Structures are given as C-alpha cells and as structure tokens.
Amino acid sequence: MKTLPVKTLFRVVSSASWKQAQGIVPRCGNDHHADGVHLCLPKAIAYTTNTYFTADEHPILLEVDIAPFAEQIEWREPTDSEPWQRPLARIPGIPVDSIISITPLEIDNA
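Residues numbered from 1 in each chain as written. Predicted model: local features only at pLDDT ≥ 70, side-chain atom pairs only at ≥ 80, totals over all residues. Heavy atoms only, no water.

Enquirer: I tried to follow unusual backbone geometry on my own but got confused; where do I start?
Expert: Apart from glycine, the bulk of residues carry a negative phi angle, and the bulk of peptide bonds sit in the trans form. Of note, the phi angle at aspartate 35 is positive, near 55°, even though the residue is not glycine. Within the secondary structure, aspartate 35 sits in the loop between α2 (29-34) and β3 (37-38). Here histidine 58, not a glycine, exhibits a phi torsion of approximately 50°, which is positive. (Helix = DSSP H or I, 4+ residues; strand = E, 2+ residues; numbered from the N terminus.)

Enquirer: Quick question: what am I supposed to make of the environment of lysine 7 here?
Expert: Mapped onto the fold, lysine 7 is located in the segment before β1 (8-13). By relative accessible area, which is 70% here, lysine 7 ends up exposed. Separated by 52 residues in the primary sequence, lysine 7 and proline 59 place their C-alpha atoms 23 Å from one another. Once residues lying within four places of it in the same chain are set aside, the contact partners of lysine 7 are Val64, Asp65, Ile66 and Ala67. (Buried < 20%, exposed > 50% of the residue type's maximum accessible area, 1.4 Å probe, protein only. Contact = heavy atoms within 4.5 Å.)

Enquirer: Please clarify how the side chain of threonine 48 should be interpreted in this entry.
Expert: Here threonine 48 lies in helix α3 (residues 45-52). Assessed through its relative accessible area of 17%, threonine 48 is described here as buried. Every residue in contact with threonine 48, bar those within four places of it in the chain, is listed here: Val12, Cys40 and Phe53.

Enquirer: What should I look at first to understand the packing of aromatic side chains in this one?
Expert: Each pair of aromatic rings is reported with the distance of its centres and the angle of its planes. This structure, assessed with the given rule, holds two aromatic pairs. When the ring of tyrosine 47 is compared with that of tyrosine 52, the centres are 6.4 Å apart and the planes differ by 80°; the resulting orientation is edge-to-face. Tyrosine 47 sits in the partly exposed class, given a relative accessible area of 25%. Residues tyrosine 47 and tryptophan 84 carry aromatic rings whose centres are separated by 5.5 Å and whose planes lie at 70° to one another, so their mutual orientation is edge-to-face. Residue tyrosine 47 is located in helix α3, and its partner tryptophan 84 is located in the loop between β5 (73-76) and β6 (86-89); the two are separated by 37 residues in the primary sequence. Overall, the relative accessible area of 12% leaves tryptophan 84 in the buried class. Three or more aromatic residues joined by ring pairs form one cluster here, namely Tyr47, Tyr52 and Trp84. (Phe/Tyr/Trp six-rings, centres within 6.5 Å; stacked < 30°, edge-to-face > 60°.)

Enquirer: Explanation requested: the confidence of the model for the chain in the structure shown.
Expert: Should pLDDT be low for a region, the predicted coordinates there are not to be read in detail. Looking at the chain, pLDDT values average 91 and 95% of them are 70 or higher. Averaged over each element, pLDDT in the chain is lowest for α2 (84) and highest for strand β4 (residues 60-65) (97). (pLDDT = per-residue confidence, 0-100.)

Enquirer: What's the story with the pairing of β4 in this structure? I'm lost.
Expert: In regular strands, side chains alternate between the two faces of the sheet. In the sheet, β1 pairs with β4 via six bridges, with the strands oriented antiparallel. Each bridged residue has a counterpart across the sheet, and for arginine 11 the counterpart in β4 is leucine 62. Of the pairings in the sheet, the one linking β4 to strand β8 (residues 99-104) comprises five bridges and is antiparallel in character. If you follow valine 64 over to β8, its bridge partner there is isoleucine 99. (Pairing = 2+ DSSP bridges.)

Here you go:
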C-alpha cells in the first residue's frame, strides 16, 4: 500500500503505559502480537479510544513525529471495521523524544 505523505501520526495509550515510558513508550499486548507499534491517522482516534480503552484507563493521545522511523512503517490495508489505512511501525516502542504533544482523551462508550 502507498505511504501517505504525513509527518505525524497518533498513538492512544493508557495513562499507566505513559507513566511507564522511560526513553520509549512500551508496546501493548496487541503490539507484541503484531510485532510492531500500532499508530493511527486522525480519523481513527475516536474508534481506537472507544474500542480498546475504558474510562478507568484514562487514555492519552500522543502526537508522534514519525521522521525517525518513517521507513519502518508498514501501511496496512483498510478493513470493514477500520476503513482507513492502519500504520504499524516495526520498532520496539515509540521514542519519547518523538512525541510532539500529549492530550487526555474522553471515552464515549458508556
């Protein structure tokens, strides 16, 4: 699949995962299964947040500068439930120094 001309992507993590970040934001269980770090386009943020997180996890949105690992991103095809490209970075974790902004998110799956 063709690489999109983007400079930043997004990652939703629990506040506990963010607090554990020391140099890199660690992978989650789904990341280990896919052998990469799941990132998302802006249009996938709400879906990702509301599908994979609960309010108790206090999800956080990380805006990530992908320049340091852009060549290691695999652009996976859309699916029926996720009708957008699904970037997967083949890296051990997101370098903390690649994070541009951090925003708390609200869960809308009550």
